[in-house]
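Close look at the chain arrangement
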Amino acid sequence: MSVARQLLKKVMTGLLPHDRFLVSGPNSRVTSDGREHSWKEVALTFDDGPHPEWTPDVLDALAEAGWKGTFFVIGDRAAEHPDVLQRIMDEGHALGNHTFTHSDPKRTTTSQFHAEVRRTDELIAKLTGKQTVLMRPPKGHLTPGKFRRLWQGGQTIVLWNVDPEDFAMSNASEPLEWVHTYVPNQGDVILLHDRLPYAATIIRALSNVHGRELRSVTMTDWLSGGRRAPQVQPDRATASG
Ligand SMILES: [Zn+2]
């Protein structure tokens, strides 16, 4: 059993607080003021940026839809494109940590991994003036030692339950095909990559096809909104991030 699956099992059995390890968001549409919204709330998440061309395209698409997203950035790319990082923050989206060099946590030591995480956290704080506690390990890989250090550092680990596999797409029709087969569920965490050209196409198509029933919010909205009971669906978690 993989580490991710072991952790999921612990979450299922209540050993880990749900606001520190997320695979999906709240399964209830009832907000903290007691009202039930008619739309399904999902979280669009973007890994491996910022990219000078594709991240601004994603930001334009989110603005057109009126949606918010969460960007898990790689530190050395953020250092190259601080203006893009600032635009993400200025437009009300959330930032998360995706290590400094996108090293595979299965292949680094615990101290190397945490040095990368710390360096990225410090860079985000320096460039934007904001701290983040959100962390997504590359490829969704973690070892128990690395998990423990993140845990001790107060980080919230965010995986996903919907993977369109945009990294494997090779032409403009594949994003549209995926959107037409996708059946949205309240609380879905959708994995996309803003280092690739397909994320913005997927956002625009989601808005066109599912816009009446769907809204995307940030992970921070879910964690700070008093709705801290995400539904964990281990069988739908994959590991391509
Ligand atoms: Zn990644």
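Scroll up a little and you will see the structure.
This section reports on the structure supplied with the text. Here the structure is a predicted model, which is why all the values come from computation and not from measurement.

Parameters and conventions
Residues numbered from 1 in each chain as written. Predicted model: local features only at pLDDT ≥ 70, side-chain atom pairs only at ≥ 80, totals over all residues. Heavy atoms only, no water. Helix = DSSP H or I, 4+ residues; strand = E, 2+ residues; numbered from the N terminus. Buried < 20%, exposed > 50% of the residue type's maximum accessible area, 1.4 Å probe, protein only. Contact = heavy atoms within 4.5 Å. Areas by Shrake-Rupley, 256 points an atom, 1.4 Å probe, with all protein chains shown as cover. Arc of directions from axis to C-beta. Lys, Arg positive; Asp, Glu negative; His and termini not counted. Salt bridge = Lys/Arg side-chain N within 4 Å of Asp/Glu carboxyl O.

Before going further, it helps to examine the overall build of the protein chain. Looking only at helices and strands, the protein chain has nine helices and eight strands in total. The buried share of the protein chain, reckoned over its 241 residues, is 54%. Residue pairs in contact within the protein chain that sit at least 24 positions apart in sequence constitute 80% of those at least 6 positions apart. For the protein chain, the computed accessible surface area is about 10700 Å², with 48% contributed by carbon and sulfur atoms.

To continue, consider helix α6 (residues 144–152). Here α6 has its buried residues at Gly145, Lys146, Phe147 and Leu150. A positive phi of about 80° marks Gly154, the residue just after α6.

For helix α7 (residues 173–181), the set of buried residues is Pro175, Trp178 and Val179. In a view along the axis of α7, the buried residues occupy a sector of 100°, so they form one face of it. Facing away from the buried side of α7, by more than 90 degrees, are the exposed residues His180 and Thr181. Buried residues in α7 make contact with β7 (189–193) and α8 (198–210).

With that out of the way, let us pick up unusual backbone geometry. In this model, Gly49 is joined to Pro50 through a cis peptide bond whose omega is 0°. Among the secondary structure elements, Pro50 is positioned in the loop between β2 (40–47) and α2 (54–65). Backbone geometry places Lys139, a non-glycine residue, at a positive phi of 65°. Along the chain, Lys139 turns up in the loop between β5 (134–135) and α6.

It is worth spelling out the side chain of Glu116 at this point. By secondary structure assignment, the location of Glu116 is in helix α5 (residues 110–128). Arg119 provides the closest opposite charge to the buried, salt-bridge-free Glu116, at an N-O distance of 7.3 Å. Residues contacting Glu116, with those up to four places away along its chain left out, are Thr99, Phe100, Thr101, His102 and Ser103.

For the rest of this paragraph, the subject is the pattern of salt bridges. All told, the structure shown has eight salt bridges when counted by the stated rule. Its salt-bridge partner being Asp47, residue Arg136 comes within 2.7 Å of it at the nearest N-O pair. Taken as a pair, Arg136 in the loop between β5 and α6 and Asp47 in strand β2 lie far apart in primary sequence, 89 residues in all. Taken as a pair, Arg136 and Asp47 share a single burial class, namely buried. Across the salt bridge formed by Arg204 and Asp57, the nearest N and O atoms sit 3.4 Å from each other. Taken together, the positions of Arg204 in helix α8 and Asp57 in helix α2 put the pair 147 residues apart, joining distant regions of the chain. Salt bridges linked by common partners bring Asp57, Glu64 and Arg204 together as one network.

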